[in-house]
Amino acid sequence: AAAAMASRDGAATMDRGPAQSLCLFAEGCKVLPEHLGVCPLEECSQCKRAFHAICVGSTEDFEQTGRCGQSQCSIITNAARSAAAAMASQEVRVAVPAIAVSVASDSSPGLSQRSALSQPRRRRPTLEMLQLPISEIEQLRRDTEDILNNNLADSIRTMYRQHMTRFLEWLFANQRTYGLITPAFLQDLEAAEGRKTPNGLPTAHYLEHILSQKDIIPIDFVRFKAEHFMHWISFLLREKPDLAFSTCSSYRSSLMYIVHLYDVPVKEFHEIEQVLTNHFVGLKKKCNRQAAKDRSVKVTVGKDPLPFTIYQVLAKEMLCKMDREFIWGRTFMIISWNLMSRSSNTAGLLYNHMDFANDAFQFYIIHQKNDQAGDKARDPKHVYANTTNPSICPILSLGIYWLMFPVDHSTSGGRLFPGTSQYERFRKLFSQRLLNDRDVLTALENNGLHVGDLGTHSIRKGSATYTSSGTTSGPSISAISLRAGWKMGTIHDTYLRYEAAGDQQVGRTCCGLPTDKPEFAALPPMFWCETSETRREINEIMDQLYPCIQGNARLRRLVEQSLASVIYHEKFLRDTMPMNHPLFQTELFIHEGFIDTLKKFVTTEAHGRVATGITSHTCLLKEMGEIKSEVGEIKGEMAEMKGMIRKQEEQSRMPCQRCHDVGGDGDGTVTSVTGSTTVQPTSVRQGERVPGRSVYDMFVSVSDKLDTIITRTEDSGVRRLVNRDEENDGLGSLQGQDVSNARRSRNATRKPQKGTFPWAQMTTRCAYMLYHFGHAETRKGPFKRLRGIDFPTKYDGKRHSDMKYLSKRIKEEAEALDIYKADPNRIEAGFMFDQCENYLFEEYEKVTKTETNGDMSRFSQLCWMTVVRVLRGNKKRRKAVRSET
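Now for a look at the structure at hand.

1. Considering the layout of surface pockets
Considered as a void within the structure, the largest pocket measures approximately 1400 Å³ in volume. For the largest pocket, the lining is made up of 44 residues, of which Ala153, Ser155, Arg342, Ser344 and Lys369 are closest to its centre. Ranked by residues supplied to the lining of the largest pocket, first place goes to helix H10 (residues 154-173) with 8 residues. Of the residues that constitute the lining of the largest pocket, the class distribution is 13 nonpolar, 23 polar and 8 charged.

2. Topic: helix H20 (residues 394-404)
Since there are 3.6 residues in each turn of an α-helix, residues three or four apart along the chain are aligned in direction. Summarising burial for H20: 11 of the 11 residues are buried, a large majority. Burial in H20 covers these residues: Pro394, Ile395, Leu396, Ser397, Leu398, Gly399, Ile400, Tyr401, Trp402, Leu403 and Met404.

3. Thoughts on a negative patch on the surface
Residues Glu623, Glu626, Glu630, Glu633, Glu637 and Glu640 make up a contiguous surface patch of negative charge. Mapped onto the secondary structure, Glu626 falls in helix H32 (residues 616-653).

4. Side note on the packing of helix H17 (residues 308-320) against helix H22 (residues 438-446)
The contact between H17 and H22 brings their axes to 10 Å, and the two run at 175°. Put simply, H17 runs roughly antiparallel to H22. For the pair formed by H17 and H22, the contact residues are Ile310, Val313, Leu314 and Glu317 on the first element and Asp439, Val440, Ala443 and Leu444 on the second. Among the residues forming the contact of H17 with H22, the class breakdown is 6 nonpolar, no polar and 2 charged.

5. Notes on the pairing of strand S3 (residues 354-357)
Successive residues of a regular strand alternate their side chains across the two faces of the sheet. Residue alternation in S3 divides its side chains into a buried set, Met354 and Phe356, and an unburied set, Asp355 and Ala357. Pairing geometry for S3 and strand S4 (residues 360-363), over 4 bridges, is antiparallel. What sits directly across from Phe356, in S4, is Phe361. Here S3 folds back onto S4, and the loop between the two strands holds 2 residues, one of which, Asn358, carries a positive phi near 65°.

6. Describing unusual backbone geometry
One non-glycine residue, His607, adopts positive backbone phi at about 50°. For His607, the position within the fold is in the loop between strand S7 (602-603) and H32. At Asp818, a position not held by glycine, the phi torsion is positive, near 60°. Along the chain, the position of Asp818 falls in the loop between helix H36 (794-816) and helix H37 (826-848).

7. Some points on the side chain of Gln422
Mapped onto the elements, Gln422 comes out in helix H21 (residues 422-434). Residue classification places Gln422 among the buried positions, given a relative accessible area of 4%. Engagement of the side chain of Gln422 in a polar contact is seen with the backbone oxygen of Pro418, the distance being 3.2 Å. At a separation of 2.9 Å, a polar atom in the side chain of Gln422 contacts the side chain of Arg425.

8. Quick look at the environment of Glu208
One can find Glu208 in helix H13 (residues 204-213). Those residues within four positions of Glu208 in sequence are excluded, and the remaining contacts are Gln162 and Thr165.

9. Let's talk about the nonpolar core
Ranked by internal contacts, the top residues of the largest apolar core, which has 88 residues, are Met333, Phe361, Trp402, Tyr546 and Leu588. Looking at which element gives the most residues to this core, the answer is helix H18 (residues 324-339), with 9 residues. When residues no more than four places from it in sequence are discounted, the contact partners of Leu588 are Leu403, Leu545, Leu563, Val566, Ile567, Phe594, Ile595 and Leu598. Grouped together as the second largest cluster of nonpolar side chains are 44 residues, Leu180, Leu255, Leu276 and Cys287 included.

Criteria and cut-off values
- Throughout this document, residue positions are counted from 1 along each chain, in the order its sequence is written.
- At least 70 in pLDDT is required for a residue's local features to be given in this predicted model, at least 80 for side-chain atom pairs to be given and counted, and no such filter applies to totals for whole chains, interfaces and linings, which use all residues.
- The side-chain numbers reported here are obtained from all heavy atoms of the structure, hydrogens and water having been left aside.
- Any residue with an atom within 4 Å of a point lines the site, the site being either a cavity, points on a 1 Å grid over the protein atoms alone where a 1.4 Å probe fits but cannot get out, or a pocket, an open set with protein on both sides within 12 Å along at least 5 of 7 lines.
- Grid points are joined across faces, edges and corners, and a volume is the space filled by probe spheres set on the points.
- Working definition: helices are DSSP H or I runs of at least four residues, strands are E runs of at least two. Numbering for both runs from the N terminus.
- Amino acid classes used here: Ala, Val, Leu, Ile, Met, Phe, Trp, Tyr, Cys and Pro are nonpolar; Asp, Glu, Lys and Arg are charged; the rest, including Gly, are polar.
- Each residue gets one of three labels from its accessible area relative to the maximum for its type: buried under 20%, exposed over 50%, partly exposed in between, using a 1.4 Å probe on protein chains only.
- Only residues whose relative accessible area exceeds 30% and that take part in no salt bridge are eligible for patches, with like-charged residues grouped when within 9 Å of each other and nonpolar side chains (Val, Leu, Ile, Met, Phe, Trp, Tyr) grouped when within 5 Å.
- All accessible areas in this document rest on Shrake-Rupley with a 1.4 Å probe, and a residue is counted as covered only by the protein chains that are shown.
- One side-chain nitrogen of Lys or Arg within 4 Å of one carboxyl oxygen of Asp or Glu is enough to make a salt bridge.
- For the charge count, each Lys or Arg is scored as positive and each Asp or Glu as negative, with His and the chain ends excluded.
- By convention, charge coordinates are those of NZ in Lys, CZ in Arg, CG in Asp, or CD in Glu.
- Helix axes use the C-alpha atoms of the stretch in contact, all axes being lines fitted to C-alpha atoms, and the angles between their N-to-C directions lie in the range 0 to 180 degrees.
- Small angles under 35 degrees read as roughly parallel and large ones over 145 as roughly antiparallel, with 65 to 115 read as roughly perpendicular and the rest as oblique.
- We call two residues in contact when some of their heavy atoms are within 4.5 Å.
- Strand pairing is defined by DSSP finding a minimum of two bridges between the two strands.
- As used in this structure description, the phrase polar contact means that two N or O atoms lie within 3.5 Å; if the pair is within protein, one of them must be able to donate a hydrogen and the other to accept it, and residues adjacent in sequence are counted only when both atoms belong to side chains.
- In plain words, nonpolar cores are sets of buried Ala, Val, Leu, Ile, Met, Phe, Trp, Tyr and Cys residues tied together by side-chain atoms within 4.5 Å.

Laid out in structure tokens, this is it:
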């Protein structure tokens, strides 16, 4: 080794350098040429060749680079052990920088050195590795097109194609006049049947196919001029005089889309684009004049903002509906209102987009219409509870939603509103069902609105309008624009940035908290646990109600806050919702003792929390409210003192009952019957004030002053921070109720009443729990102890049979998994259902996979009757197949 190091200057240099020419590992040597003197050489006991101890790697490296069976060499094995000690030298780290980086990135020196020494050497790619088959090249082409297609949203691309379909129909109908349809398009149109309508026009399906394939160019852009397009716009205006200018602009954008789709040279089309720009300036003025002259033309553009009063009516009406679909839609609407987001953004919310901080929920909007590339900062939007108006409280709406629809189910894909077309689902529910409700129509008429004036986008408009103009002490327009995701110009976007305080005030305002009262600083309900036993009780109930959130601490905290709101507003829910509402068929109300246990720990006190997003005048109102309460107490005490003084005066002027007046000498002396006692009352001289009388006057004067102070505070809008009247729907009104669930034994076998049980409004899990444990709230015993003849109607008997069939299928799967319990408790029943739910999902997927296009995210939200119907149908199909075979 020494001889090799001494002769390294005269050794032949290889392509990889002198270090590799001396080392046994050749190209696998890790030592830089200028640091050969730092890393000593060792000699192999088999081939007597030299190597660096620092270059020793794994056995596989030896077999690939060695030439003499180095695995049998004890020197190389010992060198691998001593390499760790060599790495401690700073000189070696400088000599071998690649290994030094690996060592610095590892927390354990020994492990890091060993892993650095055993890192595989990166190979240079070969020609065979770089050559791709034709199938992969075709896949790369499709991936490239997919990247290009991300420039437009799918909905916008569909709209552009629909607009150009109408334009192509018009050009085809006027082919003799303009001659702009290409021969290739005409030839392909006649090539097959079914591509024309009975009127001779191309079908819309065929035109959309042509525009999506891009194989045939339908328009002759060489002869195309701007006046041709403007002729079509004029034709549309003649058919519909109230056509909006924004719609005409979308037609123009569709034309630009077609130009870029078929790669029309920009230079040739630039002149046409300039002419269209001049035409559209005049078109905009014409549309404005038309709106000023024609009374049939709508003045406003788009849908009207949703008024706050109508928003409250809609939320309360949806809360009272028996259909579970309205509970889903109500949560969707309230979340969209509080986030000021588009309905499409609300439909795309995920559970990992939500968080809880101090006293507010936090939502993150990742993708927006005007920020599709994600360039804007992802700042949280704060959502607060509204304890003064529970009908529009977003936290309470989430609590009800998570009780009726499973939280973060395995089939939901992590989405808050699982499903592929949740925007369309809400649009149909809102526009077609909710707005046509009788009570809603009355409210709209009272506010001068029609059904066609409102849409899903009215929620976003109404929320921003109410927050900015619904109060004279609202948040800044910058904070509102940042929350809604609107651009404010270069200067504003650069210097007016996001701050949590501004968004927190926006959150408190748009959730409906009164800005002119101290309740604006109200805190949300929470569970206060003073001991570990209390926390254990709450955790056991939550594990039973929400089995899918175990192990997710962040989501568990969100669900716990929403559950606290449900418990806090229990009286409001019972007074507002029908007795047989699906909410009261959930596990929270089915199982005995859950509500009574949780009610003991819910509170709205601070307990270390700080109200965020409150204004300075709210703090003053809060302090003035506290002063008012203290003044009220003083007033009560003074009224009591006035009564005591008046009573003492009356007693001092009355003669003693044991004495009587016997005449005397006229000086007011009263002599007793025995003549042994004489009582002379206090004489009042003229001009002399009675001491008791002066004190009384003094208190009367002070009381009048306090009355004046209280009147002035009432006129200034001051209210007490905490109002614990009987009308409040909080715990204060619930403490006086005697709600004893002890008498509601689950072993009772009372028959369900006719027409009062909502069979079709339960999930599969709730139906299974109801079958085993009954309903504590309605005093219905376990359904497994009933028979079909125990029900009043034939329909109820069939539903009981369906529930029995569902339990039987779960029982079979549980027996197969060896987890079946004949008489389970709540925890055991929940465990059995969770383990057997995958079986139900697989059976359901076999039948409905073709119908749902593979989307099973809404399985957890389905009604149990739907699942049973599918399972029964699948069984019948199997029997039919067996009989045929």
